[in-house]
Amino acid sequence: MGTLFVSGLSHREAPVAVREQLALEADKLREVLGHVMATGALAEVMILSTCNRVEVYGVAGAPAAARALTFRQLGAQRGMALDGLEPMLYTKTETDAVHHAFRVAASLDSMIVGEPQILGQVKEAVAVAQDCQTLGPTLHRLWMKAFAVAKRVRTETDVARHAVSVSFAAVELAKKIFAGLDGRTVLLVGAGEMGELAARHLVEQGAFPIYVANRTWARAQELARALAGTAVPFADLEATMAIVDIVVTSTGASEPIITREAVQRALHLRRSRPLFFVDIAVPRDVEPTVNELANVFCYDIDDLKQVVDANLREREREAQRAEAIVKHEVERFVTRRRDQEVVPTIVSLRTRLEAIRQAELEKALAKLPDASAETRQTLEALSTAIVNKILHVPITKLRESSRAGQGGSWTAFVHELFGLRRDPP
Amino acid sequence: MLNLALIAYVVATGLALAYLVQREEVTYRLTTAVTLAGWALQTAGLIARTVEGGRGPFASFPEAVSVAVWAAVLLELWAERQYRIRVLGAFVLPVVVVLSVSGTMAGPALQSTALHNVWITVHVVLALLGIAAFVLNFAGSIMYLLQERQLKARRPGTFYYRLPSLETLDRLTFRALTLGFPFLTVGLMLGALWTGRFHPLIAFSTVAWVIYAFTLASRAVAGWRGRRAAYCAILGFAALVLTLGAGVLLPGPHGS
């Protein structure tokens, strides 16, 4: 059994200039995979290539040589010499490699912890390797488990949950004020790009209808069409505020266009139903003191950024819980992998002794033609007990050795000692 | 059995608070399991009392509190699922424990012969169910105020992430209010009719009733909700607690 390893470079060590060079499209990867496998230096290989990492996962007798071989090939695609890459490469083997793979799939090693794209990229890389038939049982098991771990992390922690962009933070805040966004009404004031983006996110989450106001009537109509909303005259701003739940502003006005008095009047009409202002404009469109009014929540661009920062910190906290899950799963995976190393030996050992027992039992019974059923049963039980007693210690030792990482030498020894046939792994 | 139930509630409170902080799925499941176990024990205990005494378990103050707590836990378990508020236990269970502990400390105050009167039994049962609903109303209001403060301050902290939306909390507290208010109204009327003379108990409970009535009316008329309703809920619950205290500590129909 070869050594499982991962070698590569990522956003942690390698500058973007190197990563963008090495990030290869699927066709080139197939070429490299085919070429590397043809050398016979690797039993299994898979290449993960994204704009943030280029990594080779493989099983090889000599990981160092396999790493040099593969990266020489990868570099050659872009005219990069191995010597230039070497200092940036890391290599992890066995337990550490498993740990690394699980963390990558669970997006714990990402630039923005919890970002969701990486899992899809890993799945794609696995599919490419499978297609090229370079994915053997070890890597297959590794990735199937890594996907399961990633799913566990996603469902059991909030590592990927909280928004890391200003416009999504606004959507999340709306969900902390209102129980769901289905049927919430939105008023978009101004035509700023960020405002439009936030309004779009709100619509995607079920907010409807959406009203659009702009100083230029034609622009309001245009934007309303783009968002499947309704244009309202700029003069009706106050009246519209009375009927919507969320107001997104992003105009180029130099003075606030929504005053505290106007909001107060609107609140009276809406019988204190909550009103949420997302003010993305700089300078601000909504008077800051609006936030002091009961049942009104007003967030400007700085507030939203603060929420994003808090969300990032929350992701980091959740990442710690995710790391614990990953660690636990790595241990389980490695233990199983090591057990698998000795299981065939245990099976053939049992089969061998059982064959001996059967043969000797038959011989003995042939000499005792008049033996009663009771005698037969006693002989049967006696022989079974002897075999089990003899096997107990060797099997325990084999399992222990596998967990200590010495399964290889012990299995060879047992095979030698009992004259077992060596099955291909 | 009732003591075991109380221990279970204390443990569940600790677990619920732990879940609020560290959010482990296991802790949540344990909290639910222990709360359910406590509730089952309490149900069995109350049934045993009823069979033993041949009457409803309201003869002494601790028993009465126990019934209110029993109903409050049932309501909490229901609301937690209905409104999908997994951290609800962290806010309801502490109140449950405080009520239970003060109930047991008050000691077996009276063995009222009055309990043979069916109307009095109805009075007690209704008042206790009302109290249970107001425990939920109170806990929901605390959660509302915490979440509202976070949103107003525009600095998200732990509660921002853990607590549900303001609207969900508003629905929960309003539901609890509309559930508890009729019980309280009829319960108080029966109690007042039967006593027929003044007692601090009546004063406190009337104050509570007025506060709750005001909350409901101002919502219906002026759309008052949110923070103001939450403050009213806290005041109302304080009055209810004083009522219970007056019932035990002062001589009168509920205390010796």
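Residues numbered from 1 in each chain as written. Chains lettered and ligands numbered in written order. Predicted model: local features only at pLDDT ≥ 70, side-chain atom pairs only at ≥ 80, totals over all residues. Heavy atoms only, no water.

Draft legend 1. The arrangement of the overall build of chain B in detail. Looking only at helices and strands, chain B has nine helices and zero strands in total. Helices (α) and strands (β) of chain B occur, in sequence order from the N terminus, as α-α-α-α-α-α-α-α-α. For chain B, buried positions account for 55% of its 256 residues. Residue pairs in contact within chain B that sit at least 24 positions apart in sequence constitute 78% of those at least 6 positions apart. Working note: accessible area of chain B is about 11300 Å², and carbon and sulfur atoms make up 71% of it. (Helix = DSSP H or I, 4+ residues; strand = E, 2+ residues; numbered from the N terminus. Buried < 20%, exposed > 50% of the residue type's maximum accessible area, 1.4 Å probe, protein only. Contact = heavy atoms within 4.5 Å. Areas by Shrake-Rupley, 256 points an atom, 1.4 Å probe, with all protein chains shown as cover.)

Draft legend 2. Broad picture of the overall build of chain A. Check the secondary structure of chain A and you find 15 helices and ten strands. Here chain A has a C-alpha radius of gyration of 33 Å; the compact-globule value for 425 residues is 22 Å, and the former is much larger. Taking the principal axes of its C-alpha atoms as reference, chain A extends roughly 110 × 65 × 30 Å. Summarising the internal contacts of chain A: among those between residues at least 6 apart in sequence, 72% fall at separations of at least 24. Put simply, chain A shows about 20400 Å² of open surface, and 55% of that area lies on carbon and sulfur atoms. (Rg over C-alpha atoms; globule rule 2.2 N^0.38 Å.)

Draft legend 3. Expanded view of the environment of Asn 295 of chain A. Tracing the chain through its elements places Asn 295 of chain A in the loop between β9 (275-279) and β10 (296-300). When residues no more than four places from it in sequence are discounted, the contact partners of Asn 295 of chain A are Ser 272, Arg 273, Pro 274 and Leu 275 of chain A together with Tyr 144, Lys 152, Arg 225 and Gly 226 of chain B. Within the structure, the side chain of Asn 295 of chain A is placed 3.3 Å from the backbone oxygen of Ser 272 of chain A, a separation counted as a polar contact. (Polar contact = N/O pair within 3.5 Å; in protein donor to acceptor, adjacent residues only side chain to side chain.)

Draft legend 4. The arrangement of the sheet that holds strand β3 (residues 53-60) of chain A in detail. Residue and element names in this part refer to chain A. On the basis of which strands lie adjacent, the open sheet formed by four strands has the order β2-β3-β1-β4 and antiparallel pairing. Looking at the sheet topology across the chains shown, the edges are occupied by β2 (42-49) and β4 (90-93). Geometrically, the sheet is characterised by an average inter-axis angle of 15° between neighbouring strands, direction not taken into account. Strand direction decides the pairing type here: strand β1 (residues 3-10) and β4, joined by four bridges, are antiparallel. (Pairing = 2+ DSSP bridges. Axes fitted to C-alpha atoms, helices over the stretch in contact; angles between N-to-C directions.)

Draft legend 5. Structural detail: the side chain of Ser 402 of chain A. Residue and element names in this part refer to chain A. One can find Ser 402 in helix α14 (residues 373-403). A relative accessible area of 0% means that Ser 402 is categorised as buried. Within the structure, Ser 402 has its side chain in polar contact with the side chain of Asp 339 (distance 3.3 Å). When residues no more than four places from it in sequence are discounted, the contact partners of Ser 402 are Arg 338, Asp 339, Val 342 and Gly 407.

Draft legend 6. Molecular detail of the nonpolar core. Ranked by size, the top nonpolar core spans 103 residues in total, and within it Leu 202, Ile 246, Val 248 and Phe 276 of chain A together with Tyr 212 of chain B carry the most contacts. With 15 residues, helix α5 (residues 118-153) of chain B is the largest single contributor of residues to this core. One finds Val 32, Val 36, Phe 102 and Leu 119 of chain A within the second-largest nonpolar core, a separate group that totals 64 residues. (Core = buried A, V, L, I, M, F, W, Y, C linked by side-chain atoms within 4.5 Å.)

Draft legend 7. How the structure looks around the sheet that holds strand β8 (residues 246-249) of chain A. Residue and element names in this part refer to chain A. Spatially, the six strands line up as an open sheet ordered β7-β6-β5-β8-β9-β10, and their pairing is parallel. Of all strands in the sheet, those bounded by a partner on one side alone are β7 (230-232) and β10. The mean inter-strand angle of the sheet, taken between neighbouring strand axes irrespective of direction, is 20°. Looking at chain direction, β9 and β10 are connected through five bridges and run parallel. Bridging across to β10, Asp 279 finds its partner in Asp 300. Lying over the sheet, helix α13 (residues 301-366) contacts β9 and β10, oriented at roughly 85° with respect to β10.

Draft legend 8. Main features of the environment of Ala 65 of chain A. Tracing the sequence through the fold places Ala 65 of chain A in helix α3 (residues 63-77). By relative accessible area, which is 47% here, Ala 65 of chain A ends up partly exposed.

Draft legend 9. Focus on the pairing of β2 of chain A. Residues and elements named next belong to chain A. Taking burial as the measure, the eight residues of β2 include seven buried ones, the bulk of the element. Across seven bridges, the pairing between β2 and β3 is antiparallel. Bridged to Val 45 within β3 is Gly 58. In this structure, the hairpin formed by β2 and β3 is closed by a connection of three residues.

Draft legend 10. Local environment of α14 of chain A. Residue and element names in this part refer to chain A. Between its first and last C-alpha atoms α14 spans 44 Å; for 31 residues at 1.5 Å apiece the expected length is 45 Å, and the two agree. Restricting attention to buried positions, one finds in α14 the residues Ser 383, Val 387, Leu 391, Ile 395, Leu 398, Ser 401 and Ser 402. In the core, the buried residues of α14 are packed alongside α13 and α15 (407-418). Downstream of α14 by one or two residues, Gly 405 has phi in the positive range, about 85°. (Expected span 1.5 Å × (residues − 1).)

Draft legend 11. View of the interface of chain B and chain A. Chain B puts 30 residues into the contact, and the matching count from chain A is 32 residues. Note on chain B versus chain A: buried area summed over both sides is about 2500 Å², and carbon and sulfur give 42% of it. If you sort the residues of chain B by the area they bury against chain A, Lys 152, Arg 154 and Tyr 161 of chain B come out on top, with a joint share of 29%. At the junction of chain B and chain A, the tally comes to five salt bridges. Note that Glu 24 of chain B is salt-bridged to Arg 321 of chain A, the shortest N-O span being 3.1 Å. Summed over the shared surface of chain B and chain A, the result is 21 residue pairs in polar contact (both at pLDDT 80 or more). Within the residue set of the side of chain B that touches chain A, elements represented by two or more residues are α5, α6 (158-162), α7 (166-195) and α8 (200-222) of chain B. (Buried area = accessible area lost by both parts, 1.4 Å probe. Salt bridge = Lys/Arg side-chain N within 4 Å of Asp/Glu carboxyl O.)

Limitation: the analysis is restricted to geometry and does not speak to function.
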